[in-house]
Amino acid sequence: MNGKYKAFWLDEDENLVVLDQRVLPFEETTVTIQTAKETVDAIENMTVRGAGVIGNVAAFGIYLAARECEGDMGKLQLLAEDIRESRPTAVNLMWAVDRMMKLAHKKKNLKIPNLIKALKNEAILIADEDCERSEKIAEYGADIIEEIMLVKKLDTINILTHCNAGWLAIVDSGTALAPIYEAQKRGIKVHVWVDETRPRNQGANLTAWELGKAGIEHTVIADNTGGHLMQNHMVDMVITGADRVARNGDSANKIGTYLKALAAHDNDIPFYIAIPTSTFDFEILNGVDDIPIEIRHENEVKFIRGLNKEGKVEEVQVVPMDSSALNYGFDVTPARLIRAIITERGDCEPSVEAIEDMFGDLI
Ligand code: MRU
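Residues numbered from 1 in each chain as written. Predicted model: local features only at pLDDT ≥ 70, side-chain atom pairs only at ≥ 80, totals over all residues. Heavy atoms only, no water.

1. Examining the domain arrangement of the protein chain
Going by this rule: Per the annotation, domain bounds derive from an automatic or database assignment of domains. Throughout, the accessible surface (probe 1.4 Å) given up by two parts as they are put together, summed over both, is called the buried area. Should a side-chain nitrogen of Lys or Arg be within 4 Å of a carboxyl oxygen of Asp or Glu, the pair is scored as a salt bridge. Two N or O atoms count as a polar contact when they lie within 3.5 Å, although within protein this holds only if one can serve as hydrogen donor and the other as acceptor, and sequence-adjacent residues are included solely when both atoms are side-chain atoms. Note on conventions: DSSP H or I runs of at least 4 residues are helices, E runs of at least 2 residues are strands, and numbering of each starts at the N terminus.
What the domain assignment reports for the protein chain is domain 1 (8–129) and domain 2 (137–362). The C-alpha centroid of domain 2 is placed 25 Å from the C-alpha centroid of domain 1. Roughly 2400 Å² of surface becomes buried between domain 1 and domain 2 when both sides are summed, with 56% attributable to carbon and sulfur atoms. If you sort the residues of domain 1 by the area they bury against domain 2, Phe-26, Arg-49 and Thr-89 come out on top, with a joint share of 26%. Linking domain 1 to domain 2 there are 2 salt bridges. Across the salt bridge formed by Glu-294 and Arg-87, the nearest N and O atoms sit 2.7 Å from each other. For the pair domain 1 and domain 2, the interface holds 15 residue pairs in polar contact (both at pLDDT 80 or more). Only α2 (51–69) and α4 (91–106) provide two or more residues apiece to the side of domain 1 that touches domain 2.

Right, dumping it as structure tokens:
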């Protein structure tokens with residue numbers, strides 16, 4: 001699968017190579033992952049991030065763990081638990097580890113090289129399936145874009161997005177950005193408002209980089225700008241990804257998404273969540289109450305990283321020495337603020353009834 005996907009691949013020694021998302025857009029470098037421990041580190045320290053890619057890397061992490069364990073299923077189980085707990089909110093992580101471990105248990109009597117090969121192939125299969133899901137989300141989402149343009153008689157559509165839900169986050173064209181890439185292919189004129197997405201700046205650093213590479217017109221805005229743009233008719237729709245969607249349609253996404261959904265609702269602007277079905281957590285009935293929200297290190301708020309005047313990447317402190325900071329990674333947008341959830345099966349109304357109706361076979 002060398003070079004098959006854009007955000008990660010296997011090298012000639014069958015180790016996992018990932019694009020280092022911590023240093024984009026200023027440097028394009030890779031990190032090689034050879035063990036379960038290195039998998040955990042890469043997910044925890046956000047070398048890789050974004051719900052889907054975290055799941056993919058975790059799946060390959062189980063394959064790497066199997067290489068280390070040499071048939072010791074007890075040890076593999078422990079390493080799998082470490083990977084499963086490396087981040088708490090994006091459910092694709094748990095989904096991918098559980099699927100890999102189910103296969104590992106089923107194949108535990110195989111000779112060790114065959115077990116390892118089966119796990120490697122399963123991780124590749126998950127990534128291939130994610131690619132297909134992404135392509136379908138692109139189609140359904142672009143249909144919605146076309147419809148909005150038609151109804152509003154637009155020449156250019158202005159779409160606001162938060163965080164990064166492009167191919168760096170979900171192979172191989174993303175979720176929220178997939179319909180935008182597809183719209184571009186269809187010859188639609190799109191302009192994207194990119195929320196910078198403090199504290200880690202996934203919008204400014206990653207979404208803007210992806211859109212720039214694809215030649216899509218975009219403007220980076222400070223996180224607090226969206227409401228003003230919406231009031232002034234400068235946003236036609238909002239699309240974001242999500243990290244976990246409950247059975248009632250409540251959706252956890254990068255911190256700040258909820259505020260954008262509130263502003264969109266107040267201004268009658270349709271707000272969409274785009275996800276593969278692996279981002280549903282059907283066990284959680286009320287997302288606002290029960291989706292676990294990651295709290296990350298306060299230094300992510302206190303420091304900011306960028307290019308200095310000499311063209312070198314530098315980290316600087318932006319708060320007084322003695323101030324403390326609080327860093328919630330995600331918030332939950334209640335279903336009532338979401339127009340529809342765009343999935344590989346089509347658009348779904350965010351309600352228990354509609355979700356059970358459309359995804360009953362997965363529950
Ligand atoms: O903390 P991150 O960067 O892993 O955050 C996840 C995200 O990228 C977003 O919440 C995204 O919009 C959904 S993941 C496709």
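2. Examining the nonpolar core
Convention followed: Buried Ala, Val, Leu, Ile, Met, Phe, Trp, Tyr and Cys residues form a nonpolar core when they are joined through side-chain atoms within 4.5 Å. Exposure is judged per residue with a 1.4 Å probe applied to protein chains only, and the accessible area is read against the type maximum: over 50% gives exposed, under 20% gives buried, and values in between give partly exposed. Should any heavy atoms of two residues lie within 4.5 Å, those residues are counted as being in contact.
By size, the foremost hydrophobic cluster in this structure holds 79 residues, and its most contacted members are Phe-8, Leu-16, Leu-119, Ile-157 and Met-237. Taken domain by domain, this core gets at least three of its residues from each of domain 1 (8–129) and domain 2 (137–362). Beyond its immediate sequence surroundings of up to four residues, Met-237 is in contact with Ile-144, Ile-145, Ile-148, Ile-157, Asn-158, Ile-159, Leu-160, Ile-269, Pro-270 and Tyr-272. Counting 25 residues, the second-largest nonpolar core is a separate cluster that includes Val-235, Phe-280, Phe-282 and Ile-355.

3. Focus on the pairing of strand β15 (residues 340–343)
Put simply, the test is: When DSSP finds two or more bridges between a pair of strands, those strands are recorded as paired.
Side chains Ala-340 and Ile-342 of β15 all project onto a buried face; the interleaved residues Ile-341 and Thr-343 project onto the opposite face, where all are buried too. Where strand β10 (residues 271–274) and β15 come together, 3 bridges link them in parallel fashion. Across the sheet, residue Ile-273 finds its bridge partner in β15, namely Ile-341. Bridge count for β15 against strand β16 (residues 346–348) is 3 bridges, and the pairing is antiparallel. In the strand pairing of β16, Ile-342 is matched with Asp-347. Where β15 folds back on β16, the antiparallel hairpin that results is connected by 2 residues.

4. Comments concerning the site of the ligand
The following threshold applies: Near is defined per residue: the residue qualifies when any heavy atom it owns lies within 4 Å of the molecule or strand. What sets the accessible areas is the Shrake-Rupley method with a 1.4 Å probe; for residues, cover comes only from the shown protein chains. A pocket, in this scheme, is an open set of points on a 1 Å grid over the protein atoms alone with protein on both sides within 12 Å along at least 5 of 7 lines, while a cavity is a set where a 1.4 Å probe fits but cannot get out; residues line either one if an atom lies within 4 Å of a point. Any molecule with more than half of its atoms within 2 Å of a cavity's or pocket's grid points is counted as sitting in it. Three residue categories are used. Nonpolar comprises Ala, Val, Leu, Ile, Met, Phe, Trp, Tyr, Cys and Pro, charged comprises Asp, Glu, Lys and Arg, and polar comprises the others, including Gly.
Residues in contact with the ligand amount to 18 residues; listed here are only the nearest, Arg-49, Arg-87, Asp-243, Asn-253 and Lys-254. Within the backbone of Asn-164, a nitrogen or oxygen atom sits 3.0 Å from an oxygen atom of the ligand. With the chains in place, 100% of the 400 Å² that the ligand exposes on its own is no longer accessible. Under a 2 Å grid-point criterion requiring more than half of the atoms, the pocket assigned to the ligand is the largest cavity. Each residue belonging to the shell around the ligand can be placed in one class, and the counts come to 8 nonpolar, 6 polar and 4 charged. When residues of the shell around the ligand are assigned to domains, at least three map to each of domain 1 (8–129) and domain 2 (137–362).

5. Observations regarding the pattern of salt bridges
Within this structure, the stated rule accounts for 25 salt bridges. One salt bridge connects Arg-99 with Glu-129, and the closest N-O pair in it is separated by 2.8 Å. Placement of the pair is Arg-99 in helix α4 and Glu-129 in helix α5 (residues 112–152), with a sequence separation of 30 residues. Under the relative-accessibility criterion, Glu-129 is labelled partly exposed at 24%. A salt bridge links Asp-130 to Arg-133; the shortest N-O distance between them is 2.9 Å. Remark: Arg-133 and Asp-130 occur in helix α5; sequence separation between them is 3 residues, near one turn of the helix. Since its relative accessible area comes to 5%, Asp-130 is described here as buried. Bridged by salt links that share partners, the residues Glu-139, Asp-143, Glu-146, Glu-182, Lys-185 and Arg-186 form one connected network.

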